[in-house]
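An overview of the molecular structure
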Amino acid sequence: MRSTGSWYDVRSKEGDILQCRLKGKFKIKGFKVTNPIAVGDKVVYAIEDENRNTGMISEILPRENYIIRKSVHKTAHGHLLATNIDQAVLIATLTFPRTSLGFIDRFLVAAESFRIPTVLIFNKLDLLNQEQIDYQQELTQLYESLNYPCVFTSAIDGNGVAEFYDILRGKVSLIAGHSGVGKSTLVNAIAPDLDLRTSKVSTFANKGVHTTTFAEMFEIDAETFIIDSPGIKELGLADMEKEEISHYFPEMLKLINQCRFNNCLHLDEPNCAIKEAVMEEKIAQSRYFSYLSMMDGGDNRK
Ligand code: GDP
Ligand code: ZN
């Protein structure tokens, strides 16, 4: 559920929380990490001290997926942010604050690269005028055609909050989005007592006070968990090769084989199927602009 230095909060199948340590050294094949265990890991443990609720972890089960980013301190190492994530839930707002399409697309590309499906939540529906509602409908059409479900919510008047819960139910979801989009308010709307139960550690509840850069998992109900990760904004584009980026745009991936050059970057090359699709409006301009800005290195400079 979370780590506090060399101790890990482990949730048992019954729902109790134990403080566990790691037995010996853990190596992970293929890459070096600064943290052997991350939020989301499933582990085998033995109870050490029943009175103090402590245990010893002996095994980490194979991971479905993981999010890793370059360690800030040891550049040759990766830092595991979270593992075994069923879906990412990106909370965005068209106003107050405005989430840019560039940010949304960059997030989606990173999530694709980690093979994590994403749902888009557009919050603060109550603040939108008709023109903005129409625009939001257009965005929904675009993103749903790419297999990213969209839900509109207002944490203030409760609109869409039940749908938000339905999206989360039975899954482990990574919650992401700019500060101020209403993440805490939405989560509190579906789990009012989470706040109470976690107020000592929650980054949701104690913004500003809490300074950890580690992700934490919270239990909404016995089958439903959310991961809050303060470091999620820098999500993974840093290590991506330029040739790779278009592979994480599902609508581009479909056409890549039809480009004349098999190493086409879809910039100035002749007979580029991607650029043709943009011209024919089969690929949204906004998505191609986001692609160009990622190729430009804006936020994925090494
Ligand atoms: P976080 O930083 O993403 O956790 O955002 P917060 O949950 O702290 O919300 C930031 C501000 O937006 C607070 O003042 C909330 O009351 C407000 N807010 C959250 N959701 C909504 C909404 O659906 N509509 C409106 N009008 N305000 C909202
Ligand atoms: Zn091309």
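Refer to the structure printed above.
Residues numbered from 1 in each chain as written. Chains lettered and ligands numbered in written order. Predicted model: local features only at pLDDT ≥ 70, side-chain atom pairs only at ≥ 80, totals over all residues. Heavy atoms only, no water.

What follows is about helix 4 (residues 183–190). Turn by turn, an α-helix covers 3.6 residues, leaving residues three or four places apart pointing in a common direction. Burial in helix 4 covers these residues: Lys 183, Ser 184, Leu 186, Val 187 and Ile 190. One side of helix 4 holds all its buried residues, which, seen down the axis, span an arc of 165°. (Buried < 20%, exposed > 50% of the residue type's maximum accessible area, 1.4 Å probe, protein only. Helix = DSSP H or I, 4+ residues; strand = E, 2+ residues; numbered from the N terminus. Arc of directions from axis to C-beta.)

A separate point is the sheet that holds strand 12 (residues 216–221). Taken together, the six strands give an open sheet; going across it, the order is 10-9-8-11-13-12, and neighbouring strands pair in mixed fashion. This sheet does not close on itself; its edge strands, each paired only once, are strand 10 (150–152) and strand 12. Between one strand axis and the next, the sheet turns by 25° as a mean value, whatever way the strands run. Sitting on the sheet, helix 1 (residues 101–113) touches strand 8 (87–92), strand 9 (118–122) and strand 11 (172–176), and the angle it makes with strand 9 is about 160°. (Pairing = 2+ DSSP bridges. Axes fitted to C-alpha atoms, helices over the stretch in contact; angles between N-to-C directions. Contact = heavy atoms within 4.5 Å.)

Every protein donor of the zinc ion (ligand 2) is accounted for by Cys 259 (SG), Cys 264 (SG), His 266 (ND1) and Cys 272 (SG), and the metal-donor separations fall at 2.1 to 2.4 Å. Around the zinc ion (ligand 2), the four donor atoms sit at angles spanning 102 to 116°, and that spread fits a shape best called tetrahedral. In terms of primary sequence, the donors binding the zinc ion (ligand 2) are separated according to C-x4-C-x1-H-x5-C. Residue class for Cys 272 comes out buried when judged on its relative accessible area of 3%. (Donors = N, O, S within 2.8 Å, 3.2 Å for Na, K, Ca; no water. Tetrahedral: all angles 85-135°; square planar, octahedral: opposite > 155°, others 65-115°.)

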